[in-house]
Amino acid sequence: MMTRERAIEILEAFGANPERWPADERHAVEAAIAEDAGLQALADRERELDSRLMDWNALPPRAAAMEALFAAAEQTVQSNKVWSAPARRWNSWLAGGGAVALAAGIVAALMLAGQPATQAPVNTPAEVTDTAAITLVFSAEQSEGWL
Amino acid sequence: MDESWHADTALMERIRSGDNAAFRLLVNRHYAMALRVAGRVLGGREEAEDAVQEAFLKVWRMPDRFDAERGVFKSWLARVVVNLCLDRRRALKPVDSIEVLAEAADEGPTPEEHALRLDRSVRLTQAMNTLPPRQRAALALFYGEGLSMSEVAEMMEINVKAVESLLSRGRAGLREAMSGLAEEAAA
């Protein structure tokens, strides 16, 4: 059931063009306006505003702005690449033998560190335990060079 | 889903793999619509172009944000543009130069007709500037783009009753502002 109040709400929200009214209320609003002079006057007022809204011009695109956008996009890295690129570099480094080289380097360092020091004082036996060797290999001084 | 949906979805697939040519095609398809909406919500050309650029760069940078199963690209893009414009509008003073309006106003058949249209356009824009940004956005989408209430509701992420309320208050505010401007002009 279309009430006068609802017809007013529709005219004031959507204007006087029935095509812009809610489809399920369209016929009822048209019927209400047809038999109510006050609603007809309101429709005329809203039709005037509809006409003014037709003057709401849109900005035409400028080629320079579009070219600036394309240039900006070419300088912009896609987020999926930002996140996946480090992983791909890490994976390719592993596949390229980097891990094998690192492991070989650690083993060689351990073996060298495990040999008795030739310049060690006689009264101080150069007893090198595994723990000491590992400490030597991973000392802060040497690690700084790797990092 | 229509041909446009398939075309946009195919372009977005290519954009996901970093295809810059596909991005250009997508921009060419939707730039004018995005600029119309941004221009109507923000008023000024520079701000509108900046907002549209930001929206499209989001598309380029984060193409996975668009889910073709959940809707058409145009609606999703319009939603991004509207949100960016509303964010910008909060920090923006209403400044519309006459030059911009003159550029946007349609040419009339005679200089007098053009001047008349420009005058009407200036007054409408001045009246629009008095409205809150969300009302402007609803009016831009419903009247400017001719979208349905449900489409506007989807783009603004509100329900249809809220759209109706924004349109109603927007029209009332516009009528009042234009009436005030007419009185000022007559005085």
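Everything below is about the structure shown above.
Residues numbered from 1 in each chain as written. Chains lettered and ligands numbered in written order. Predicted model: local features only at pLDDT ≥ 70, side-chain atom pairs only at ≥ 80, totals over all residues. Heavy atoms only, no water.

(A) A look at the overall build of chain A. Scanning chain A from N- to C-terminus turns up eight helices and zero strands. Its helices and strands in sequence order give chain A the pattern α-α-α-α-α-α-α-α, from N to C terminus. The proportion of buried residues among the 147 residues of chain A is 27%. A separation threshold of at least 6 residues defines the contact pool for chain A, and within that pool the share at least 24 residues apart is 44%. (Helix = DSSP H or I, 4+ residues; strand = E, 2+ residues; numbered from the N terminus. Buried < 20%, exposed > 50% of the residue type's maximum accessible area, 1.4 Å probe, protein only. Contact = heavy atoms within 4.5 Å.)

(B) Local environment of the nonpolar core. In terms of nonpolar packing, the biggest core is built from 83 residues, with B:F23, B:Y31, B:F56, B:L77, B:L167 and B:L174 touching the most fellow members. For this core, the element with the highest residue contribution is helix α2 (residues 20-42) of chain B, accounting for twelve residues. Not counting residues up to four positions away in its chain, the partners in contact with B:Y31 are A:P61, A:A65, A:M66, A:L69, B:E49, B:V52 and B:F56. (Core = buried A, V, L, I, M, F, W, Y, C linked by side-chain atoms within 4.5 Å.)

(C) Expanded view of the environment of A:E25. Residues and elements named next belong to chain A. Tracing the sequence through the fold places E25 in the loop between α1 (4-14) and α2 (26-34). With relative accessibility at 17%, the residue E25 sits in the buried group. The spatial distance from the C-alpha of E25 to the C-alpha of I10 is 9.0 Å, given a sequence separation of 15 residues. Excluding residues within four positions of it along the chain, E25 makes contact with M2, R6 and I10.

(D) Representation of the interface of chain A and chain B within the structure. Listed by partner, the interface residues are 39 residues for chain A and 55 residues for chain B. The interface formed by chain A and chain B contains seven salt bridges. We note a salt bridge from B:R24 to A:E67, for which the minimum N-O separation is 3.7 Å. Between chain A and chain B we count 17 residue pairs in polar contact (both at pLDDT 80 or more) in total. For the side of chain A that touches chain B, the secondary-structure elements that each account for two or more residues are α1, α3 (37-53), α4 (63-74) and α5 (79-95) of chain A. It is α4(A) that contributes the most residues to the side of chain A that touches chain B, nine residues altogether. (Salt bridge = Lys/Arg side-chain N within 4 Å of Asp/Glu carboxyl O. Polar contact = N/O pair within 3.5 Å; in protein donor to acceptor, adjacent residues only side chain to side chain.)

(E) Summary view of the packing of helix α7 (residues 133-144) of chain B against helix α8 (residues 149-156) of chain B. Residue and element names in this part refer to chain B. Running from N to C, α7 and α8 cross one another at 135°; their axes reach a closest spacing of 10 Å. Comparing the axis directions of α7 and α8 gives the class oblique. Pair α7 / α8 crosses with right-handed handedness. Between α7 and α8, the residues in contact are R134, A137, A138, L141 and F142 and M149, V152, M155 and M156, respectively. (Axes fitted to C-alpha atoms, helices over the stretch in contact; angles between N-to-C directions. Parallel < 35°, antiparallel > 145°, perpendicular 65-115°, else oblique. Left-handed = near helix turned anticlockwise from the far one by under 90°.)

(F) View of the packing of aromatic side chains. All names here are of chain B. Within the structure shown, the criterion is met by eight aromatic pairs over all chains. Summarising the aromatic geometry, the rings of F142 and Y143 are spaced 4.9 Å apart at their centres and angled 85° between planes, so their arrangement reads as edge-to-face. A relative accessible area of 1% means that F142 is categorised as buried. Among the residues examined, Y143 registers a relative accessible area of 18% and is labelled buried. By way of ring pairs, the aromatic residues F23, Y31, F56 and W60 are connected into one cluster. (Phe/Tyr/Trp six-rings, centres within 6.5 Å; stacked < 30°, edge-to-face > 60°.)

(G) Molecular detail of helix α6 (residues 111-128) of chain B. For α6(B), which comprises 18 residues, the first-to-last C-alpha distance of 25 Å matches the rise-based estimate of 26 Å (1.5 Å per residue) to within 8%. Turning to α6(B), its buried residues number three or more, namely B:H114, B:L118, B:S121, B:V122, B:L124, B:T125, B:A127 and B:M128. (Expected span 1.5 Å × (residues − 1).)

(H) Representation of the pattern of salt bridges in the model. Taken as a whole, this structure holds 25 salt bridges over all chains when the rule is applied. Ionic pairing is found between A:E9 and A:R6, a salt bridge with its closest N-O pair at 2.9 Å. One end of the pair, A:E9, and the other, A:R6, are both in helix α1, three residues apart, so they sit about a helical turn from each other. Exposure remark for A:E9: the relative accessible area of 40% places this residue in the partly exposed category. A salt bridge links A:E46 to B:R175; the shortest N-O distance between them is 2.4 Å. Remark: B:R175 occurs in helix α9 (residues 160-186) and A:E46 occurs in helix α3; the pair is interchain, linking two chains. Linked through salt bridges whose partners overlap, the residues forming this network are A:E12, A:R45, A:E46, A:D50, B:R171 and B:R175.

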